[in-house]
Amino acid sequence: MQFGKYVFFCSVFALFCAFPFQAGAAGPASHCQADETVIFSCPADGKKLISICASKEYSPNAGHLQYRYGPAGAPELTLPAKAAPAESARSGLWSFSGGGGAYVQFQDGGTSYYVYTAIGKWGKKGEIKEKAGVAVEKDGKVVANIPCRGKETSEMGPDFFEKAGLPEVENEFDLPE
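These numbers come from a predicted model, not from an experiment.

### What to know about the overall build of the chain
- Tallying secondary structure elements over the chain gives 2 helices and 10 strands in all.
- Counting from the amino terminus, helix and strand elements in the chain follow one another as α-β-β-β-β-β-β-β-β-β-β-α.
- Residue burial in the chain is summarised as follows: out of 177 residues, 37% are buried.
- Partitioning the intrachain contacts of the chain with sequence separation of at least 6 by distance along the chain shows that 45% fall at a separation of at least 24.

### Here we look at the packing of aromatic side chains
- One pass over the structure, following the stated rule, counts 11 aromatic pairs.
- Both rings, one in Tyr103 and one in Tyr114, keep their centres 6.0 Å apart while their planes meet at 65°; by these two values the pair is edge-to-face. A residue pair is termed long-range when its members are at least 10 positions apart, and Tyr103 in strand 6 (residues 99-108) and Tyr114 in strand 7 (residues 111-120) qualify at 11 residues. An identical accessibility class is assigned to Tyr103 and Tyr114; each is buried.
- Aromatic pair Tyr114 and Phe173: ring centres 3.9 Å apart, planes at 5°, arrangement stacked.

### A closer look at the side chain of His31
- Note that His31 resides in the loop between helix 1 (2-18) and strand 1 (36-44).
- In this structure His31 comes out as buried when scored by relative accessible area, which is 6%.
- A distance of 3.0 Å separates a polar side-chain atom of His31 from the backbone oxygen of Gly70.
- Once residues lying within four places of it in the same chain are set aside, the contact partners of His31 are Glu36, Leu49, Ser51, Cys53, Arg68, Tyr69, Gly70, Pro71, Ala72, Gly73, Ala74 and Pro75.

### Some words on the sheet that holds strand 1
- Ordered in space as 4-3-2-1-10, the 5 strands form an open sheet in which the pairing is antiparallel. Two strands bound the open sheet, and with one partner strand each, they are strand 4 (77-79) and strand 10 (153-154).
- Relative to strand 10, strand 1 runs antiparallel, the two being bridged by 2 bridges. Paired with Ser41 across the two strands is Thr153, which belongs to strand 10.

### A look at the nonpolar core
- Counting residues in each nonpolar core, the largest one holds 28 residues, and the members touching the most others are Phe40, Ile50, Ile52, Leu65, Tyr67, Met156 and Leu166.
- For this core, the secondary-structure elements that each account for two or more residues are strand 1, strand 2 (48-55), strand 3 (65-71), strand 6, strand 7, strand 8 (129-138) and helix 2 (158-164).
- Residue contributions to this core peak at 4 residues, all from strand 1.
- Apart from residues lying up to four places away in sequence, Ile50 is in contact with Phe40, Ser41, Cys42, Ala44, Tyr67, Arg68, Tyr69, Val115, Gly133, Val134 and Ile146.

About the thresholds
Residue numbers run consecutively from 1 along every chain, following the written order of its sequence. At least 70 in pLDDT is required for a residue's local features to be given in this predicted model, at least 80 for side-chain atom pairs to be given and counted, and no such filter applies to totals for whole chains, interfaces and linings, which use all residues. As a rule here, side-chain values come from all non-hydrogen atoms in the structure, and water together with hydrogens is ignored. Under the DSSP-based scheme used, a helix requires at least four consecutive residues in state H or I and a strand at least two consecutive residues in state E, with every element numbered from the N terminus. Each residue is assigned to one of three classes by its accessible area relative to the maximum for its type, calculated with a 1.4 Å probe on protein chains only: buried under 20%, partly exposed between the two thresholds, exposed over 50%. Residues count as neighbours in contact if any of their non-hydrogen atoms are within 4.5 Å of one another. Pairing of aromatic side chains requires ring centres within 6.5 Å, counting the rings of Phe and Tyr and the six-membered ring of Trp. Pairs whose planes differ by under 30 degrees are stacked, by over 60 edge-to-face, and all others tilted. We define a polar contact as two N or O atoms separated by no more than 3.5 Å, with the added condition that, inside protein, one atom must be a possible hydrogen donor and the other a possible acceptor, whereas residues neighbouring each other in sequence contribute only through side-chain atom pairs. Here, strands pair whenever DSSP counts at least two bridges between them. As used in this record, nonpolar core signifies buried Ala, Val, Leu, Ile, Met, Phe, Trp, Tyr and Cys residues forming a set joined through side-chain atoms within 4.5 Å.

This is the structure:
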């Protein structure tokens with residue numbers, strides 16, 4: 001019996017050694033290309049993705065920053081439409097009891113898209129909860145809030161905002177319920 005357990009253990013160990021990068025190798029899904037950095041990405045309803053992608057050399061004067069939303073591999077909305085320095089992108093930060101948050105705003109005419117991530121004590125008994133997603137605001141009113149339906153990947157925050165030279169949002173944005 002001991003010999004059988006030993007053979008089983010060795011067989012399982014050999015499989016892990018033979019295929020060491022299979023589990024989790026692909027990483028989280030995003031709309032970002034291999035030559036881009038994932039600034040934010042998460043799955044949303046209906047097998048859609050919410051992503052912010054930056055060129056590897058992104059800075060205040062070079063590269064691009066884009067918001068992309070839609071099915072994997074086929075975003076239905078990209079802002080700005082052409083990859084260029086994102087002069088229309090703005091950033092913001094929140095401070096909460098037990099946490100904080102960050103967001104990036106992209107504009108398209110009178111519509112603003114706020115990609116956000118936050119953590120704070122807003123659970124039923126004050127437990128720490130996380131929120132992330134994209135809120136769509138038209139003429140100053142939130143018309144849609146699409147929450148992440150899985151764990152997000154995020155580099156949003158003061159370090160990235162400073163490095164990218166993103167100006168602050170002019171009108172503060174409130175975290176959606």
